[in-house]
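Analysis of the macromolecular model
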Amino acid sequence: RITPGRLADLQQELEEAGLLEIVYWICALSVNQHRSICKQDWIACKCTTTAHPNISPLCEMDKFDEMMKFIFDPVLSKQLEDQ
């Protein structure tokens, strides 16, 4: 429904439905949460995903706070720019 030239139509439709002012937060840093819970006793999943608990360096879920600090740290950001 979002196509070039149709954004105004979508905005009007949302406004008419009373939905235009609803705010959603979308995290651009997505993680594979399934990797942290798959193969737990209470999950009956038969996929081949390798599970990684929070203490694992391969776990993605427990790194969010550190990543946010890293992204917003001006010294670290400058180091990345200089690379």
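The text that follows walks through the structure, step by step, so that each part is easy to find. Within each chain, residues carry numbers counting from 1 in the order of the written sequence. Given that the model is predicted, a residue must reach a pLDDT of at least 70 before its local features are reported, and side-chain atom pairs must reach 80 or more before they are shown or counted; all residues, however, enter totals for whole chains, interfaces and linings. Excluding hydrogens and water, the side-chain values take into account all heavy atoms of the structure.

So, about the overall build of the protein chain. Secondary structure elements follow DSSP: runs of H or I no shorter than four residues count as helices, runs of E no shorter than two count as strands, and numbering proceeds from the N terminus. Along the backbone of the protein chain there are four helices and zero strands. Counting from the amino terminus, the protein chain carries its helices and strands in the arrangement α-α-α-α. By the compact-globule yardstick of 12 Å for 83 residues, the protein chain is too spread out, its C-alpha radius of gyration being 20 Å. In terms of overall dimensions, the protein chain has C-alpha extents of about 45 × 45 × 20 Å along its principal axes. Within these notes, the globule rule equals 2.2 Å times the number of residues to the 0.38 power, and the radius of gyration is based on C-alpha atoms.

Take the pattern of salt bridges next. Just to be clear on terms, a salt bridge is a Lys or Arg side-chain nitrogen sitting within 4 Å of an Asp or Glu carboxyl oxygen. Under the defined criterion, the tally for this structure stands at two salt bridges. For Asp62, the salt bridge identified is with Lys63, shortest N-O distance 2.6 Å. Type-normalised accessible area, obtained with a 1.4 Å probe on protein chains alone, sets the label of each residue: buried when under 20%, exposed when over 50%, and partly exposed for intermediate values. A relative accessible area of 27% places Asp62 in the partly exposed class. You can call Lys63 partly exposed: its relative accessible area is 31%.

Attention shifts here to the side chain of Ser56. Summarising the element assignment, Ser56 is placed in the loop between α2 (34-37) and α3 (64-72). The class of Ser56 is buried, set by a relative accessible area of 13%. By definition in these notes, contact holds between two residues if any of their heavy atoms fall within 4.5 Å. With residues near it in sequence (within four places) discarded, Ser56 still touches Asp62 and Lys63.

Once that is clear, we can look at the state of the cysteines. The term disulfide refers to a covalent linkage connecting the sulfur atoms of a pair of cysteines. Only a pair of cysteine sulfur atoms within 2.5 Å qualifies as a disulfide here. Overall, the coordinates contain zero disulfides when judged by the stated rule. Free of any disulfide, Cys45 has its nearest cysteine sulfur in Cys47, 3.4 Å distant.

The next subject is a nonpolar patch on the surface. Residues form patches when they are more than 30% accessible in relative terms and have no salt bridge. Like charges link within 9 Å. Nonpolar side chains (Val, Leu, Ile, Met, Phe, Trp, Tyr) link within 5 Å. Each accessible area is a Shrake-Rupley result for a 1.4 Å probe, and residues are judged covered by the shown protein chains and nothing else. On the surface, Leu19, Ile22, Tyr24 and Ile26 cluster together to form a nonpolar patch covering roughly 480 Å² of accessible area. Along the polypeptide, Leu19 turns up in the loop between α1 (7-16) and α2. Residue class for Leu19 comes out partly exposed when judged on its relative accessible area of 41%.

Take Leu58: it is sitting in the loop between α2 and α3. Separated by 16 residues in sequence, Leu58 and Trp42 have C-alpha atoms that sit 22 Å apart. Beyond its immediate chain neighbours, meaning those up to four positions away, Leu58 contacts Arg35 and His52.

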